[in-house]
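# Descriptive structure summary
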Amino acid sequence: MDDKITTNTRTSYDRLADEYVGRIYPELQHKPFDRQLLDDFAARVRGPVCDLGCGPGHVARYLRNHGVSEVCGIDLSPELVERARRLNPGIEFQAGNMLALNIADATWAGIVAFYSIIHIPRRGHVAVFSEMERVLRPGGLLLVAFHVGEEIIHFDELWGQTVSIDFHFFRSSEVAESLRSAGFEVEKIVERDPYPNVEAATRRGYILAIKS
Ligand SMILES: C[S@@+](CC[C@H](N)C(=O)[O-])C[C@H]1O[C@@H](n2cnc3c(N)ncnc32)[C@H](O)[C@@H]1O
């Protein structure tokens with residue numbers, strides 16, 4: 001992913017941080033499908049988990065509250081990292097780019113990446129999944145979520161803030177193919193319709209993959 005996309009995405013989320021907390025931080029209470037996936041992930045993973053592209057850290061917090069004792073979060077936006085720290089004392093959050101993580105090989109037993117690859121153009125998917133594969137232990141689990149489709153939606157303004165950000169939609173089959181190219185075994189692919197009045201009205205895709 002080129003530097004301009006990274007810089008624009010970071011700056012945009014820095015500006016959106018307070019609105020993001022207000023709108024999205026409490027959302028899991030209205031999403032039983034997502035909670036079930038996270039419950040299954042938490043029951044199975046054995047060791048430290050990172051929430052990659054964690055935003056304000058609600059997924060990391062959910063995992064911590066549901067049996068994962070070692071959880072951390074990494075996000076491109078320093079402002080969101082600051083909100084995540086404030087909202088989730090006791091969980092470690094740091095700024096970082098999931099395309100080039102400052103993390104040793106085979107560090108984590110699990111990664112959750114909810115709606116963060118949506119800002120990586122499809123041409124960058126094998127690279128980002130290869131980086132995730134590098135930092136996972138053998139047998140490590142990856143749970144990735146995204147918007148299903150083919151389109152790219154650009155915003156110059158969002159929630160009253162001036163931004164420059166692209167939301168990329170993907171077919172589940174193409175995400176699965178990129179995961180396999182990066183060395184993962186794809187175990188489960190599920191999609192669901194959006195929850196009305198809870199979230200953006202887009203179809204949702206989730207893939208559970210394993211570092212073989
Ligand atoms: C739609 S939000 C999702 C946040 C959270 N995971 C959730 O489910 O609400 C996308 C997040 O991905 C982060 N992000 C985008 N590109 C990233 C990158 N290259 N490395 C790390 N985080 C990134 C953004 O800063 C933003 O917080």
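Residues numbered from 1 in each chain as written. Predicted model: local features only at pLDDT ≥ 70, side-chain atom pairs only at ≥ 80, totals over all residues. Heavy atoms only, no water.

## Section: the overall build of the protein chain
Counting its regular elements, the protein chain contains six helices and nine strands. Overall, the protein chain is about 45 × 35 × 35 Å in size when its C-alpha atoms are taken along their principal axes. Within the protein chain, the fraction of its 212 residues that count as buried is 53%. Of all intrachain contacts in the protein chain linking residues separated by at least 6 positions in sequence, the fraction that spans at least 24 positions is 68%. Across the protein chain, the mean location of the 24 positive side-chain charges is 3 Å away from that of the 30 negative side-chain charges. (Helix = DSSP H or I, 4+ residues; strand = E, 2+ residues; numbered from the N terminus. Buried < 20%, exposed > 50% of the residue type's maximum accessible area, 1.4 Å probe, protein only. Contact = heavy atoms within 4.5 Å. Lys, Arg positive; Asp, Glu negative; His and termini not counted. Charge placed at Lys NZ, Arg CZ, Asp CG, Glu CD.)

## Details of the environment of Asp34
With respect to the helices, strands and loops of the structure, Asp34 is situated in helix H2 (residues 32-44). In sequence terms Asp34 and Phe114 are 80 residues apart; their C-alpha atoms lie 9.9 Å from each other.

## As for the sheet that holds strand S1 (residues 49-52)
Taken in spatial order, the seven strands of this open sheet run S3-S2-S1-S4-S5-S9-S8, and their pairing is mixed. Edge positions in the sheet fall to strand S3 (92-95) and strand S8 (184-192), since each has one partner strand and no second. Strand-to-strand, the axes of this sheet are offset by a mean angle of 15 degrees, without reference to chain direction. Two strands pair when backbone bridges link them, and strand S2 (residues 71-75) and S3 are joined in this way by four bridges, in the parallel orientation. Residue pairing across strands places Cys72 opposite Glu92, the latter belonging to S3. Running at roughly 175 degrees to S2, helix H3 (residues 58-65) makes contact with S1, S2, S3 and strand S4 (108-114) of the sheet. Along the sheet face, helix H4 (residues 78-87) touches S2 and S3 and points at about 170 degrees away from the line of S3. (Pairing = 2+ DSSP bridges. Axes fitted to C-alpha atoms, helices over the stretch in contact; angles between N-to-C directions.)

## What about the pairing of strand S7 (residues 161-168)?
Note that strand S6 (residues 152-158) and S7 share six bridges and pair antiparallel. In the sheet register, His154 faces S7, and the bridge partner there is Asp166. If you look at the hairpin formed by S6 and S7, you'll find two residues sitting between the two strands, and Trp159 has a positive phi there, around 50 degrees.

## Examining the nonpolar core
In terms of nonpolar packing, the biggest core is built from 71 residues, with Leu63, Trp108, Phe129, Met132 and Leu179 touching the most fellow members. With seven residues, strand S5 (residues 136-147) is the largest single contributor of residues to this core. Sequence-distant contacts of Leu179, defined by excluding residues within four places in its chain, comprise Phe129, Leu142, Val144, Phe184, Val186, Ile207 and Ala209. (Core = buried A, V, L, I, M, F, W, Y, C linked by side-chain atoms within 4.5 Å.)

## Some remarks on the pairing of S5
Taking burial as the measure, the 12 residues of S5 include nine buried ones, the bulk of the element. In terms of strand pairing, S4 meets S5 through six bridges, oriented parallel. In the sheet register, Ile111 faces S5, and the bridge partner there is Leu142. The pairing of S5 with strand S9 (residues 204-211) spans seven bridges and is classified as antiparallel. Bridging across to S9, Phe146 finds its partner in Gly205.

## Here's the deal with the site of the ligand
Of all residues adjacent to the ligand, which total 21 residues, the nearest are Tyr20, Gly53, Asp75, Asn97 and Phe114. His58 places a polar side-chain atom, nitrogen or oxygen, 3.3 Å from an oxygen atom of the ligand. Between a nitrogen atom of the ligand and a main-chain N or O atom of Met98, the distance comes to 2.9 Å. Bound to the protein, the ligand loses 98% of the 590 Å² it would expose on its own. (Near = heavy atom within 4 Å. Polar contact = N/O pair within 3.5 Å; in protein donor to acceptor, adjacent residues only side chain to side chain. Areas by Shrake-Rupley, 256 points an atom, 1.4 Å probe, with all protein chains shown as cover.)

## What about the packing of aromatic side chains?
What describes a pair of aromatic rings is the distance from one ring centre to the other and the angle between the planes of the rings. A complete count under the given rule lists six aromatic pairs for this structure. When the centroid spacing of 5.5 Å and the interplanar angle of 50 degrees are considered together, the rings of Phe33 and Tyr206 count as tilted. With Phe33 in helix H2 and Tyr206 in strand S9, this pair connects stretches of sequence that are 173 residues apart. By relative accessible area, which is 27% here, Phe33 ends up partly exposed. (Phe/Tyr/Trp six-rings, centres within 6.5 Å; stacked < 30°, edge-to-face > 60°.)

## Examining the pattern of salt bridges
Considering all chains together, one arrives at 18 salt bridges under this definition. Arg44 is paired through a salt bridge with Glu187; the nearest N and O atoms lie 2.7 Å apart. With Arg44 in helix H2 and Glu187 in strand S8, this residue pair connects regions lying 143 residues apart in the sequence. The salt bridge involving Arg203 is made with Glu191; its shortest N-O contact spans 2.7 Å. Within this pair, whereas Arg203 is found in the loop between S8 and S9, its partner Glu191 is found in strand S8, the two being separated by 12 residues in sequence. Relative accessible area serves as the criterion here: at 34%, Arg203 is assigned to the partly exposed category. Exposure remark for Glu191: the relative accessible area of 32% places this residue in the partly exposed category. Residues joined by salt bridges that share partners form a network here, namely Glu27, Lys31, Asp34, Arg192, Glu199 and Arg204. (Salt bridge = Lys/Arg side-chain N within 4 Å of Asp/Glu carboxyl O.)

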